[in-house]
Every structure is written in C-alpha cells, then in structure tokens.
Amino acid sequence: MSTGRYTIEPIGHIHSPHRKPKETPIQPVFARGIRGTVTVEERYADGLLDLEGFSHIYLVYRFDRADKVKLRVRPYLQDQERGVFATRAPFRPNHIGFSVVRLLSVEGTTLHVEDVDILDGTPLLDIKPFIARYDLRENVRSGWQDEVADDTARERGIRDYAPEQGRDQE
Ligand SMILES: C[S@@+](CC[C@H](N)C(=O)[O-])C[C@H]1O[C@@H](n2cnc3c(N)ncnc32)[C@H](O)[C@@H]1O
C-alpha cells in the first residue's frame, strides 16, 4: 500500500468560453450546447483509440483556480451550509472535479465536446468513457439536493452565461 503524497501531471487541457467562475454554469446539465475542446498531450495520443465510439465521457480535472479548501460550503443551489463532500464545490481537498460531457468528435489529439461547465485552460487529469451499463442507477436518493425544486436548480445553475452559443439550445 502506498501512502503519502502523489504527483499528478496533467494529460492535457480543457478549453472553453468560460473565463469567470461566477458566470460559469455549475454542471453540464446547465451548460447544454456550450462547446469546448480538450487538447490531449501528444504522448498520450495512442490512449485515445476507440474513444470516439462513446457519446459521453468523463473529464477529470483540477480546479486550478480554487485557491482555498473549505470543509463547509454554501452550495450554489441552497443558502444553507453543507459538508463539502456532500457537494460538488471546487473548494475541496485536492481540488478535483469531473464533468460528464458530450463527445462530438475526435480529431487527432483534440476532442470536441459539448455541455462544458469548466473554466478555460483547466488542467485535465484523466478521461473515462461514460458507460450506461455501469453508470446509470435506479432508486437514487440525492440528499439535500432533493429539497431543491427543478426550476430553482435550473435558474441558479445556469448562472450568467449568455454568449451566442449555449443557452439558446436549452
Ligand atoms: C460546482 S463545480 C462542479 C464541477 C463538476 N461538474 C463537478 O461536479 O465536479 C462548477 C463550478 O466550478 C467552477 N470551476 C470550473 N472550472 C474551474 C477551475 N479550473 N478552477 C476553479 N473553479 C472552476 C466554476 O465556477 C463552475 O461554475
């Protein structure tokens, strides 16, 4: 068993129209139609073989602009404090985020993706395919999120993102 510190190097970067955290949608479901690209480092090109067969992929990344750790956070969708591990907030130990985005195409080491809730220039740590057989669940409980009405979630979740692309395709 290995313990201690790990050094993780990005395998690429995520590019998006999002420049300001407060104007970035809080989840892919609230970022419908917002396109981005993922540039994977050339040395990992071989690992992209067969990825194109998947309509959705997980992007695992580092919240590189989250400058602090908070164990209690006030989530975007509610005005009540919650434990950070019961949220998807960026201010977590290790600052690791993941988003299920739609994969539009693979062009060499560039992935064209949609439904992006990630800031431009974010370091990419890993890519995994979304696999319905493994990832879909029934009888799900969503804790405090179940207290938030769908309309409220949508209103707060989209935030102020409003350039030409994106919202109009909701
Ligand atoms: C609530 S987090 C959820 C992200 C991801 N879908 C997840 O579940 O881990 C989404 C917010 O993270 C912030 N964010 C996105 N990329 C970031 C980055 N590289 N550094 C810091 N914050 C970032 C944006 O403000 C965005 O609205």
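The structure this text deals with has already been given above.
Analysis parameters
- Residues numbered from 1 in each chain as written.
- Predicted model: local features only at pLDDT ≥ 70, side-chain atom pairs only at ≥ 80, totals over all residues.
- Heavy atoms only, no water.
- Helix = DSSP H or I, 4+ residues; strand = E, 2+ residues; numbered from the N terminus.
- Rg over C-alpha atoms; globule rule 2.2 N^0.38 Å.
- Buried < 20%, exposed > 50% of the residue type's maximum accessible area, 1.4 Å probe, protein only.
- Contact = heavy atoms within 4.5 Å.
- Areas by Shrake-Rupley, 256 points an atom, 1.4 Å probe, with all protein chains shown as cover.
- Lys, Arg positive; Asp, Glu negative; His and termini not counted.
- Charge placed at Lys NZ, Arg CZ, Asp CG, Glu CD.
- Core = buried A, V, L, I, M, F, W, Y, C linked by side-chain atoms within 4.5 Å.

**Considering the overall build of the protein chain**
- If you tally the helices and strands in the protein chain, you get two helices and eight strands.
- For the protein chain, the N- to C-terminal ordering of α and β elements is β-β-β-β-β-β-β-β-α-α.
- Computed over C-alpha atoms, the radius of gyration of the protein chain comes to 16 Å, within 12% of the 15 Å expected from 2.2 N^0.38 for 170 residues, which places it in the range of a compact globule.
- On the principal axes, the C-alpha backbone points of the protein chain span a range of 45 × 45 × 35 Å.
- Buried residues in the protein chain amount to 37% of all 170 residues.
- Considering only contacts within the protein chain whose residues lie at least 6 apart along the sequence, 78% involve residues at least 24 apart.
- A total accessible area of about 11,100 Å² is found for the protein chain, and carbon and sulfur atoms account for 47% of it.
- Here the protein chain contributes 25 positive and 28 negative side-chain charges, whose respective centroids are spaced 7 Å apart.

**Overview of the environment of Arg 72**
- Relative to the helices and strands, Arg 72 resides in strand β4 (residues 72-73).
- Separated by 23 residues in the primary sequence, Arg 72 and His 95 place their C-alpha atoms 14 Å from one another.
- The residues contacting Arg 72, other than those within four sequence positions of it, are Glu 81, Arg 82 and Gly 83.

**Points about the nonpolar core**
- Counting 19 residues, the largest nonpolar core has Val 38, Ile 57, Leu 59, Leu 111, Val 113, Leu 124 and Ile 127 as the members making the most contacts within it.
- Of all the secondary-structure elements, those providing two or more residues to this core are β2 (35-40), β3 (56-62), β6 (96-107), β7 (110-114) and β8 (122-129).
- Take this core: its biggest share by element is three residues, from β3.
- Excluding its chain neighbours within four sequence positions, the residues that come into contact with Ile 127 are Ile 11, Val 40, Leu 48, Leu 51, Ile 57, Tyr 58, Leu 59 and Leu 111.
- The next biggest cluster of nonpolar side chains, apart from the first, holds seven residues, and it includes Phe 30, Leu 77, Trp 144 and Val 148.

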